[in-house]
Amino acid sequence: MTERIFNFSAGPAVLPVPVLEQARDEMLSLPNVGMSVMEISHRSKTFDEIIHGAETGVRELLGVPENYRVLFLQGGASLQFSMIPMNFLPEGGSADYVITGSWGKKAIKEAKKQGNANKPADMADGGYTRTPSQEELKLDERAAYVHITTNETIEGVEWKREPEVGDVPLFADSSSDIMSHPVAIEKYALIYAGAQKNLGPSGVTLVILRDDLLAKIPEGLHTMLDYRTHVQNNSLYNTPNTWGIYILNLVCKWVKEQGGVEAMKSRNETKAQMIYDAIDATQFYRGHADPDSRSIMNVTFRLASEELEKKFTQEATALGLDGLKGHRAVGGIRASIYNAFPVEGVEALVAFMKEFEKKNG
Ligand SMILES: *Cc1c(COP(=O)(O)O)cnc(C)c1O
């Protein structure tokens, strides 16, 4: 089989075809280099241009202010769950973690190994279906930072605006909605994202952090776990994921060609709305997230029974609509429709949903 199917996987996820084509064309030799990106030194001029291009791409697309550093680290978003408290949760202090789903729970679990971590809100009631209102947030104004998950990939719950946190630094795990819509970076002190949803392959993690945070890092951390190491060495302290950074650079170029993050937002909203409209049309499908908190990246919904859901994913897979089975934590169906997911795939899913309902409703 050489034909591409529609890939609704939550991650690693679909990449833009032009990016894959360029990577294929350059697999044996980068232009005028005679070697692939995986075979050259990370200290070479060629790679220097690639990592610089990736940083410039991120900065331009997201409007990253001058006083922020852009890092390409390893260990996934999951290692950030540990690095953040190791660097920024001081002894005797505490941090606030707003829990809107499964990834936030994993983040606070690591923070608690380091020190005190509180939950200004935990939206577990109802199985994580929405973000809290400002009034529901019991924030501690002495917290070292507030941590949110801008898009909970498993539940399909997305913040539509940042919470007001006063002078406390706001940190965000944006692994599954980075670059899906414009973000006011200056509202955050630190944003991180594993690349494998919207930015590239797994194995590279984007971290954007404000300069003034670096002064708060305690002495004595292990070198690789200290953000200052990576800032001082431009993400080249050790051998980075050269392949991942190369693809991320190409993805940034692709996003730019598509019209930037603003254009991504409008395309993403259109795609998501098509599926939500199909869900809302009748009682046959039930959306998981509350309408105000619905994700434009991961659309989650249920059918009347698990049996019917199984039938749904099986028949969809047979038609080339792959990866629709929901995460085991919530069950049901999840359609992940990241930046690179084509609108034709959404049309195919909606047509299938209507057809399936007709036969089984
Ligand atoms: C996928 C995901 C993670 C985990 O990322 P890894 O790179 O596998 O560690 C963390 N947070 C969110 C929101 C995610 O979607």
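Residues numbered from 1 in each chain as written. Predicted model: local features only at pLDDT ≥ 70, side-chain atom pairs only at ≥ 80, totals over all residues. Heavy atoms only, no water.

Participant: An account of the layout of surface pockets is needed here, citing residue identities and associated values.
Facilitator: By volume, the largest pocket is sized at about 430 Å³. Looking at the largest pocket, it is lined by 27 residues, and the ones nearest its centre are E158, W159, K160, H181 and P182. Per-element tally for the lining of the largest pocket: the top contributor is helix α7 (residues 260-280), with 6 residues. (1 Å grid on protein atoms, 1.4 Å probe; cavity = no way out; pocket = protein on both sides within 12 Å on 5 of 7 lines; lining within 4 Å. Points joined across faces, edges and corners; volume = space filled by probe spheres on them. Helix = DSSP H or I, 4+ residues; strand = E, 2+ residues; numbered from the N terminus.)

Participant: Could you give me a rundown of the domain arrangement of the protein chain, with the residues and numbers involved?
Facilitator: With domains assigned, the protein chain is organised as domain 1 (18-257) and domain 2 (260-360). Centre-to-centre separation of domain 1 and domain 2, based on C-alpha positions: 27 Å. Carbon and sulfur atoms make up 56% of the area that domain 1 and domain 2 hide from each other, which totals about 2100 Å². Summed over the shared surface of domain 1 and domain 2, the result is 0 salt bridges. In this assembly, domain 1 and domain 2 are joined by 17 residue pairs in polar contact (both at pLDDT 80 or more). Elements with a contribution of two residues or more to the side of domain 1 that touches domain 2: α2 (45-62), β7 (157-158) and α6 (242-257). With 3 residues, α6 is the single largest residue contributor to the side of domain 1 that touches domain 2. Looking at the side of domain 1 that touches domain 2 residue by residue, the classes come out as 9 nonpolar, 12 polar and 7 charged. (Domains from an automatic or database assignment. Buried area = accessible area lost by both parts, 1.4 Å probe. Salt bridge = Lys/Arg side-chain N within 4 Å of Asp/Glu carboxyl O. Polar contact = N/O pair within 3.5 Å; in protein donor to acceptor, adjacent residues only side chain to side chain. Nonpolar A, V, L, I, M, F, W, Y, C, P; charged D, E, K, R; others polar.)

Participant: Describe the nonpolar core, listing the residues and the values that go with them.
Facilitator: Among the nonpolar cores identified, the biggest contains 115 residues, and V58, Y227, I275 and F312 are the most heavily contacted of them. Sort the elements by how many residues they give to this core and α6 lands first, with 9 residues. There are two domains that each give this core at least three residues, and those are domain 1 (18-257) and domain 2 (260-360). The residues touching Y227, leaving out its near neighbours within four places in the chain, are L71, L73, Q80, M83, I84, N87, F88, L190, V207, L209, L214 and I217. (Core = buried A, V, L, I, M, F, W, Y, C linked by side-chain atoms within 4.5 Å. Buried < 20%, exposed > 50% of the residue type's maximum accessible area, 1.4 Å probe, protein only. Contact = heavy atoms within 4.5 Å.)

Participant: Describe in detail the packing of α6 against α7, supporting the description with residues and values.
Facilitator: The geometry of α6 relative to α7 is characterised by a closest axis approach of 7 Å and an angle of 75 degrees between their N-to-C directions. With respect to each other, α6 and α7 are oriented roughly perpendicular. Between α6, through W254, V255 and K256, and α7, the contact on the second element is made entirely by G260, V261, M264 and R267. Residues of the contact of α6 with α7, tallied by class, amount to 4 nonpolar, 1 polar and 2 charged. (Axes fitted to C-alpha atoms, helices over the stretch in contact; angles between N-to-C directions. Parallel < 35°, antiparallel > 145°, perpendicular 65-115°, else oblique.)

Participant: Break down the site of the ligand for me, citing the residues and quoting the values.
Facilitator: Around the ligand lies a shell of 13 residues, among which S78, T153, D173, Q196 and K197 are the nearest. The contact in question runs from an oxygen atom of the ligand to an N or O atom on the side chain of T153, over 2.4 Å. Compared with its free state, where it exposes 390 Å², the ligand has 87% of that area covered by protein. In terms of residue count, the dominant contributor to the shell around the ligand is helix α3 (residues 76-88) (4 residues). (Near = heavy atom within 4 Å. Areas by Shrake-Rupley, 256 points an atom, 1.4 Å probe, with all protein chains shown as cover.)

Participant: Let's hear about a nonpolar patch on the surface: which residues, and what values?
Facilitator: Nonpolar side chains collect at one region of the surface, where M27, L28 and M38 lie side by side and expose about 330 Å² of accessible area between them. Structurally, the position occupied by M27 is in the loop between α1 (17-25) and α2. We classify M27 as partly exposed; its relative accessible area is 34%. (Patch = residues over 30% accessible without salt bridge, like charges linked within 9 Å, V, L, I, M, F, W, Y side chains within 5 Å.)

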